[in-house]
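# Secondary and tertiary structure notes
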There are 2 protein chains.
Amino acid sequence: MRAVDIIIKKRDKQELTAQEIEFFVRGFTNGEIPDYQASAFAMAIMLNGMTPFETTDLTLAMAKSGQVLDLSKIVDIAVDKHSSGGVGDKTSISVMPMVAACGLPVGKMSGRGLGFSGGTLDKLESIPGYRVDLSTDEFKKQLKEKGIVLTGQSMDLAPADGKMYALRDVTGTVPSLPLIASSIMSKKIAAGAQAIVLDVKTGLGAFMQTLDEARELADLMVDIGRLAGRRTVALLSDMNQPLGAAVGNALETIEAIDMLHGGSPADFREHCLHVAAHVLVVGQRAKDLNEARSMAEKSIADGSALEKLRVLVAAQGGDVSYVDDVSKFERAKYVEVVHAPRNGFISQVHARSVGEASVALGAGRAKKGDPIDYAVGFLILKKVGDKAQEGEPLFEIHANDRAKLAEARAAVLSAHQIRDEFVPPLPLFYE
Amino acid sequence: MRAVDIIIKKRDKQELTAQEIEFFVRGFTNGEIPDYQASAFAMAIMLNGMTPFETTDLTLAMAKSGQVLDLSKIVDIAVDKHSSGGVGDKTSISVMPMVAACGLPVGKMSGRGLGFSGGTLDKLESIPGYRVDLSTDEFKKQLKEKGIVLTGQSMDLAPADGKMYALRDVTGTVPSLPLIASSIMSKKIAAGAQAIVLDVKTGLGAFMQTLDEARELADLMVDIGRLAGRRTVALLSDMNQPLGAAVGNALETIEAIDMLHGGSPADFREHCLHVAAHVLVVGQRAKDLNEARSMAEKSIADGSALEKLRVLVAAQGGDVSYVDDVSKFERAKYVEVVHAPRNGFISQVHARSVGEASVALGAGRAKKGDPIDYAVGFLILKKVGDKAQEGEPLFEIHANDRAKLAEARAAVLSAHQIRDEFVPPLPLFYE
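Residues numbered from 1 in each chain as written. Chains lettered and ligands numbered in written order. Predicted model: local features only at pLDDT ≥ 70, side-chain atom pairs only at ≥ 80, totals over all residues. Heavy atoms only, no water.

### What to know about the confidence of the model for chain A
Residue and element names in this part refer to chain A. Inclusion rule: Looking at any residue, its pLDDT shows the predictor's confidence there, from 0 to 100. Only DSSP runs of H or I covering at least 4 residues are called helices, and only runs of E covering at least 2 are called strands; the numbering of each starts at the N terminus.
Chain-level pLDDT for chain A is 94 on average; 99% of the residues reach the 70-or-more range. Confidence, read as mean pLDDT per element, is least for helix H8 (residues 159-170) in chain A (90) and greatest for helix H14 (residues 304-315) (98). Here the prediction assigns the complex a pTM of 0.86, and the interface score ipTM is 0.85.

Structure representation (structure tokens):
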């Protein structure tokens, strides 16, 4: 078998066999197939596509390119939840304790933020002491003993995917559905997932800007899950405006904790309950969504979810007192409330613009490895569909620098659109 | 400007500007743009195509990636002739002396054979002493003083093309018309050509197997020539069967010399006169093809073309006595005449199979740098359309090894098809 013949086959729109895909991924991982062949292959896939069978073979080959975590001796069903990324998405911090409290052990490896969308690890690190660098053994031990883990990728999961992603980024081959889907699913499978809930975002602040694109990606990932023998459910959720109110690391963690205290904005609360219910169903802890939802609600009402969060934070070295008293979180030097400039209905809070403004404040990284400021960010006080009176609070800016505060004010104000006519609220979920 | 944005633009089927193409070619040549970006770019061009404007910009950028020869102080019009390669194509060795004898100075840089198709340099080296490694200064001096040069590429013409070709070969991006056309034309322009005659081969022994593909390539190269301000003519000639009778280095050189002595097979003679006439017209030595053809015929009849060949061989250190007495050429140890197995009409002499059999005898290289055997090869005695009687000579094998001779006999026999019904001869030129 020769790499060039596999490239030519895809170039000529023929379907590749599992053997051919495995040969290519293995060769690329161990360096026998050079980057210049992999990038030509990626471009051929980008332009000619892949069938769900090929995409599944690619996913499995990438998953097997490194260590594959086996959690079968620790949990009945290893469940995972993945969000395609967005602005204000702190869902995992609330949902994982909820489902763990309902008796479904969950161990999740999260990522850091890059670009305008945040990452769960950065948010959790706003709790002093919280470790996100558990070893594989620590991961397994904690999952077994505490039933909950939320950490970074300690081992080299799906190394072919990491190598491929770096190459795609500089060769114009990022927006290919088969490559996106196999990248996401290969990491989930390598992390040992047997059941997966995918939260695919769509809208102005999502990678998939249209519902059709998001649905296509979601369908493809569900196909891969089915063909690879993983119970997989995909939700399509809105990312035209930020999720909940908080954008920024500490602010989002506070909101996620508030949710478990019974507080937090209604949209975020509803989003979490919906996701948690799906996780409980694929994890076979509930027979249907109604039962699952009741269980999730009960875990908040009876404090068991909050208790699970305490267990999680303590197990990973974090200061548990922050969970009970969110006023302990580091606050930004300047907090400014920006008021509605006129009467009307909010018709847009451009998620991507808010995300970018938050990065500019210091909440995110311009490039990998940059330090971040946990305290800065925004609270979005009015959402699409809300009525605003001139002078009413519209959003809060949390900043540590006056010049940046002024820039952020202008940017987030122009991310808002207010219209005279009634505007219906955005749906939380499309499907 | 960033390389990745140029790749993305081509990926999305947008037309690139001259500046973008120049930026990419310059960066690729000096190593700032890595191979993995160039191969993704090549695949995007391969699958999405290029307009004639883009292809011309690519051609000029590659031509300018190294030294560009300026022959304007030496000749009125620098003419060049290019063949897309085939089996038995020794045309340059006959045509260059003919046009030089007609008063049109010609300096040509040729290539070596690779794969099943031969190269002019290898053929010329069957004349003892003949040098194909003239320096640029020697090239210019000889062109000025003798009016004829036929050598290898001494300088690094169009280095971007060389680098790109090596990459295309291993990334499945060889059969792209814009990339093929720009590769050929960039070298001609870098070699200083102001007027170009392209002999595009089509058929079983050509890169372009169908007439449509060959015509498309020819049209594109003529477009590039026009847009780049070079007078360009393209001929479409047959390469289903070998050209002339001889296949193999010394055998072909002998046939080319015979042609200037007034001999050689009719098809090869006609091919040379046609090509020479077009070179004389684009070189403005004749007002039309009729006049040009008469001049070319006269150059043979009066011995002036043969004299020009003597001048060429002497100037480049070759033994001139070989031109006057072709029996001096090294002969193979074994010469076997293979006879027609039955009565009928020749319907096929598969050019590629004959070319491959000739390489197997030692006349060509399996890979770059392999030594070659000048004496071995074939004389194809019956061509498509000829009537063969059982037992009549069909072809001759010239070999230096008995085992290889037997293999060659089987291969070339099976390259022949003989039918009972009348078969018309193949045309020499399609357009």
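So, next bit.
### Describing the nonpolar core
In plain terms, the rule: As used here, the term nonpolar core means buried Ala, Val, Leu, Ile, Met, Phe, Trp, Tyr and Cys residues forming a set that is joined through side-chain atoms within 4.5 Å. When accessible area is computed with a 1.4 Å probe and restricted to protein chains, residues below 20% of their type maximum are described as buried, those above 50% as exposed, and intermediate ones as partly exposed. Domain limits in this description derive from either an automatic procedure or a database domain assignment.
Ranked by size, the top nonpolar core spans 82 residues in total, and within it Met98(B), Leu280(B), Val354(B), Phe378(B) and Ile397(B) carry the most contacts. Among the elements that line this core, the one with the most residues is helix H12 (residues 266-282) of chain B, at nine residues. Here this core spans two domains, since at least three of its residues come from each of domain 2 (79-326) and domain 3 (331-419) of chain B. With 81 residues, the next largest nonpolar core counts Ile93(A), Ala195(A), Ala206(A) and Ala276(A) among its residues.

### Things to note about the sheet that holds strand E8 (residues 344-349) of chain B
Residues and elements named next belong to chain B. The following threshold applies: Only strands joined by at least two bridges in the DSSP assignment are considered to pair. Whether two residues touch is decided by their heavy atoms; if any such pair falls within 4.5 Å, the residues are in contact. Here, axes are lines fitted to C-alpha atoms. For helices the fit covers the stretch in contact, and angles between N-to-C directions go from 0 to 180 degrees.
Strands sit in the order E10-E8-E12 across an open sheet of three strands; the sheet is antiparallel. Both outer strands of the open sheet, strand E10 (387-388) and strand E12 (416-419), are each paired with one neighbouring strand and no more. Inspection of the sheet shows E8 paired to E10 by two bridges, in the antiparallel sense. If you follow Gly-344 over to E10, its bridge partner there is Ala-388. Against the sheet, helix H17 (residues 402-415) makes contact with E8 and E12, and its axis sits at roughly 45° relative to E12, the strand it touches most.

### A look at helix H7 (residues 136-146) of chain B
Residues and elements named next belong to chain B. Where we set the bar: The arc in question is the one traced by the directions running from the helix axis out to the C-beta atoms.
Those residues of H7 that sit buried are Thr-136, Phe-139, Gln-142 and Leu-143. For H7, the angular spread of buried residues about the axis comes to 135°, placing them on one side. Residues of H7 that are exposed and point over 90 degrees away from its buried face: Asp-137, Lys-141, Lys-144 and Glu-145. In this structure, the buried side of H7 is in contact with strand E2 (106-109), strand E3 (148-151) and helix H14 (304-315). Positive backbone phi, approximately 75°, marks Gly-147, located one or two places after H7.

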